[in-house]
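So the chains spell out like this:
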Amino acid sequence: MTRLNWSEVAPEGAKALYGVHHYVVTRTNLPAELIHLVFLRVSQINGCAHCIDLHARDLRKTMSVEKITLVPVWDEVPHLFSDIERTALAWAEEVTRVSETHASDEAYTAASAAFEPKDLVDLTIAIAAMNAFNRLGAPFRLPVSAKG
């Protein structure tokens, strides 16, 4: 079944959301690879095929396929992920699952110890933005670029 193209139906809403994405990618001190890593993990949790495909492709430009493949189990292979990557991934999972985690004090303490205040806020904005994109991409079944 073909579903609506949300960005064509609500171009002003799309422009606003893409503005947040633009801010995260171009106006923060967060490394691009870290942003895409967090985008991928959030999209995996939310089951957005379009976003998983997109951000895995972005990461393949700078990261090994082996490491990308193990993103869902990053905490089981700590030797593959830097301290800052592990902290960002843990915070991404905590924020994405906020209805379950309630953004625990332990997770906040760990994230705030690893990131400067503005970087932590920017990381959280990135997580929130990707959650918003996933909540549009998954229900409207945005297509993937992957070929069989």
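What you are looking at is a predicted structure, and each value in this text was computed from that prediction instead of being measured. (Residues numbered from 1 in each chain as written. Predicted model: local features only at pLDDT ≥ 70, side-chain atom pairs only at ≥ 80, totals over all residues. Heavy atoms only, no water.)

Asker: Provide a residue-level description of the packing of helix α3 (residues 32–46) against helix α6 (residues 83–96), including the pertinent values.
Answerer: Their axes nearest at 10 Å, the elements α3 and α6 cross at an angle of 35 degrees. The hand of the α3/α6 crossing is right-handed. Along the contact surface, α3 presents Glu33, Leu34, Leu37, Val38, Arg41, Val42, Ile45 and Asn46, while α6 presents Ile84, Glu85, Ala88, Leu89, Ala92, Glu93 and Thr96. (Axes fitted to C-alpha atoms, helices over the stretch in contact; angles between N-to-C directions. Helix = DSSP H or I, 4+ residues; strand = E, 2+ residues; numbered from the N terminus. Left-handed = near helix turned anticlockwise from the far one by under 90°. Contact = heavy atoms within 4.5 Å.)

Asker: Describe helix α9 (residues 117–137), and please don't skip the residues or the numbers.
Answerer: For α9, with 21 residues, the first-to-last C-alpha span of 30 Å sits near the 30 Å given by 1.5 Å per residue. Packed against the buried residues of α9 are α1 (6–9), α2 (11–26), α3, α4 (49–60), α6 and α8 (105–114). (Expected span 1.5 Å × (residues − 1).)

Asker: Outline the UniProt feature "domain: Carboxymuconolactone decarboxylase-like" (unreviewed entry) in the protein, supporting the account with residue identities and numerical values.
Answerer: In the numbering used here, UniProt assigns the feature "domain: Carboxymuconolactone decarboxylase-like" (unreviewed entry) to residues 11–94. Summarising residues 11–94: 71% helix, 0% strand, and an end-to-end C-alpha distance of 31 Å. (UniProt positions renumbered as here; feature names shortened; annotations may be inferred.)

Asker: Please give an account of the packing of aromatic side chains that cites residues and values.
Answerer: Each aromatic ring pair is characterised by the separation of its centres together with the angle its planes make. Summed over all chains, the structure comprises four aromatic pairs. Ring geometry for Trp6 and Tyr18: centres 6.0 Å apart, planes at 15 degrees, overall stacked. A residue pair is termed long-range when its members are at least 10 positions apart, and Trp6 in helix α1 and Tyr18 in helix α2 qualify at twelve residues. Seen from their ring centres, Tyr18 and Phe133 are 5.1 Å apart, and the 50 degrees between their planes marks the pair as tilted. Here Tyr18 is found in helix α2, whereas its partner Phe133 is found in helix α9, with 115 residues between them in sequence. Residue Tyr18 is classed as partly exposed on the basis of its relative accessible area of 43%. (Phe/Tyr/Trp six-rings, centres within 6.5 Å; stacked < 30°, edge-to-face > 60°. Buried < 20%, exposed > 50% of the residue type's maximum accessible area, 1.4 Å probe, protein only.)

Asker: If you had to explain the nonpolar core to someone new, which residues and values would you point to?
Answerer: Residues Val38, Trp91, Phe115, Leu123 and Ile127 are the most contacted members of the largest nonpolar core, which totals 26 residues. Looking at this core, the elements that each hand over two or more residues are α2, α3, α6, α8 and α9. If one sorts the elements of this core by residue count, α9 sits on top with six residues. Aside from chain neighbours lying at most four places away, what touches Phe115 is Leu30, Leu34, Ile84, Thr87, Ala88, Leu120 and Leu123. Counting residues in hydrophobic clusters, the runner-up holds eleven residues, among them Leu37, Ala56, Val77 and Phe81. (Core = buried A, V, L, I, M, F, W, Y, C linked by side-chain atoms within 4.5 Å.)

Asker: Run through the pattern of salt bridges, naming residues and quoting values.
Answerer: A full pass over the atoms with the stated rule returns seven salt bridges. Residue Arg57 pairs with Asp53 through a salt bridge whose shortest N-O separation is 3.1 Å. Taken as a pair, Arg57 and Asp53 lie in helix α4 at a separation of four residues, close to a single helical turn. A relative accessible area of 31% places Arg57 in the partly exposed class. Where salt bridges share partners, they join Arg41, Glu93 and Arg97 into one cluster. (Salt bridge = Lys/Arg side-chain N within 4 Å of Asp/Glu carboxyl O.)

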